[in-house]
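# Working through the structure, step by step
These are the residues of each chain, in order.
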Amino acid sequence: MTRHMSTNDRRNARGARAQAPARGEKNAASGAQAAPQAGRPRGGAAYGQRPVARTLVTLLVAAAACAVIVALGELGILRYPEKPAPAPAKPAATASSAKGQSNGKSPDSDEPAADSGTSAAGAGTSDASDSSSSAASPVVSTKLADMFAKGEVKSIRVLGDSITAGLGCDGYGVDSDTGTVVYSGPQGSYQESATTVSTWANDFRSYAAQRGVTNFVNAGVSGFRMQYLAEDPAAWLGDGADVIVVVLGTNDAARRTAEEFSADAEIGLKAAAAKCKLLIVVSPPQNRRTDATNNFSMQRADQILTSLCKMKGYVHASLLNTLQLDTADFNDDELHPTTAGSHKLWQALKTQLALT
């Protein structure tokens, strides 16, 4: 059954249809506004990418800085702090500080130090020692002991300076009781020191005399050095001997460079080796001389002589550490041994050469 709309009903229907498009347009407008918001990147996500970039740049800058620092260090422009080396332990004194009295004065202050050597020398005649000795030195050679046992040693000549002559020991300074000229050359003419001086060389003399040696010469001259042996060997070596012992280097350390001492030793010891059956080279004791400034240490001298003797086959003994500074081993000059110190030198040499 057909329902007829009233006039009011028709009017309300037309109003509803007229309002519908307006609401659609509003929804469309709302959608149009929402779209750009959906397409815009969120602020948090955009900000989160910037710290990563900054971190990468920081790492690159740090790496570049490290590379620059390393390069400066390699070029020596930038120096890194070094860890200080521990101080060496100082040996305790083993004797009283009393000193003996010197009986004379060296014309050319006596002994200094040493240096490692690369020089060559002449034809060697005996064993080589390859170690610097300490106070309790091991045997370095039995050659001299073997020669004594066979009766092959009739003459010995010891070349040295004031330590060998006996300056600072009891009895030094009296006239020679042998009259033997031990050096005659550019440096003048010198006689052997008295056989009564309490020096290690005279201890050696007494030992040798008991074993058949009839000609023992103490050719130690105060102030002398290896340089003089190299410059004029004949003036000091004389006619030579079955055994020649050379104890030099103390005065060279104060008057020569280590390189000059090495060259002098090569020349002088070669000449000495040619004048004997057996050459024995002895490194002098350490010192702390006050009369001159050393150009190189006695340790360096010991190294030079050790190296040279090993190369050339000479017997080498070392008295470097036999005596202790600031003890009764030395006179007040801390250079010349006292009588007690000089006796110690002989005992150390005797042990190293296996002399019983």
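To be clear, the structure that these remarks concern was listed above.
These notes cover the structure that comes with them. (Residues numbered from 1 in each chain as written. Predicted model: local features only at pLDDT ≥ 70, side-chain atom pairs only at ≥ 80, totals over all residues. Heavy atoms only, no water.)

### Remarks on helix H5 (residues 200–209)
Most of H5 sits inside the fold, with seven of its ten residues counted as buried. Turning to H5, its buried residues are Trp200, Ala201, Asn202, Phe204, Arg205, Tyr207 and Ala208. The elements touched by buried residues of H5 are helix H3 (143–149), strand E1 (155–160), helix H4 (162–165), strand E4 (215–220), strand E5 (243–247) and helix H11 (339–352). (Buried < 20%, exposed > 50% of the residue type's maximum accessible area, 1.4 Å probe, protein only. Helix = DSSP H or I, 4+ residues; strand = E, 2+ residues; numbered from the N terminus. Contact = heavy atoms within 4.5 Å.)

### A few points about the side chain of Thr306
Mapping Thr306 onto the fold places it in helix H10 (residues 298–312). Judged by its relative accessible area of 10%, Thr306 is buried. A polar contact is formed between the side chain of Thr306 and the backbone oxygen of Asp302, at a distance of 2.7 Å. (Polar contact = N/O pair within 3.5 Å; in protein donor to acceptor, adjacent residues only side chain to side chain.)

### Focus on the packing of aromatic side chains
Enumeration over the complete set of coordinates arrives at eleven aromatic pairs. Note on Phe204 and Phe216: the rings are 5.3 Å apart at their centroids and 80° apart in plane angle, and the pair reads as edge-to-face. Of this pair, Phe204 sits in helix H5 while Phe216 sits in strand E4, and the two are twelve residues apart along the sequence. Residue Phe204 shares its accessibility class with Phe216, and that shared class is buried. Between Phe224 and Tyr228, the ring centres sit 4.9 Å apart and the planes meet at 80°, which makes this aromatic pair edge-to-face. Both residues of the pair, Phe224 and Tyr228, belong to the buried class. Grouped by ring-pair contacts, the aromatic residues Phe148, Phe204, Tyr207, Phe216 and Trp346 constitute a single cluster. (Phe/Tyr/Trp six-rings, centres within 6.5 Å; stacked < 30°, edge-to-face > 60°.)

### A few points about H10
Relative to the 21 Å expected for 15 residues at 1.5 Å per residue, H10 spans 21 Å between its end C-alpha atoms, a close match to the ideal helical length. Positive backbone phi, approximately 85°, marks Gly313, located one or two places after H10. (Expected span 1.5 Å × (residues − 1).)

### Some details on the pattern of salt bridges
Side chains that differ in sign of charge can pair as their charged atoms come close. Scanning the entire structure with this criterion turns up seven salt bridges. The shortest N-O distance in the salt bridge between Arg256 and Glu260 comes to 3.9 Å. Arg256 gets classed as buried once you look at its relative accessible area, which sits at 17%. Through salt bridges with shared partners, a single ionic network connects Arg256, Glu260 and Asp264. (Salt bridge = Lys/Arg side-chain N within 4 Å of Asp/Glu carboxyl O.)

Shape descriptors only; they carry no functional weight alone.
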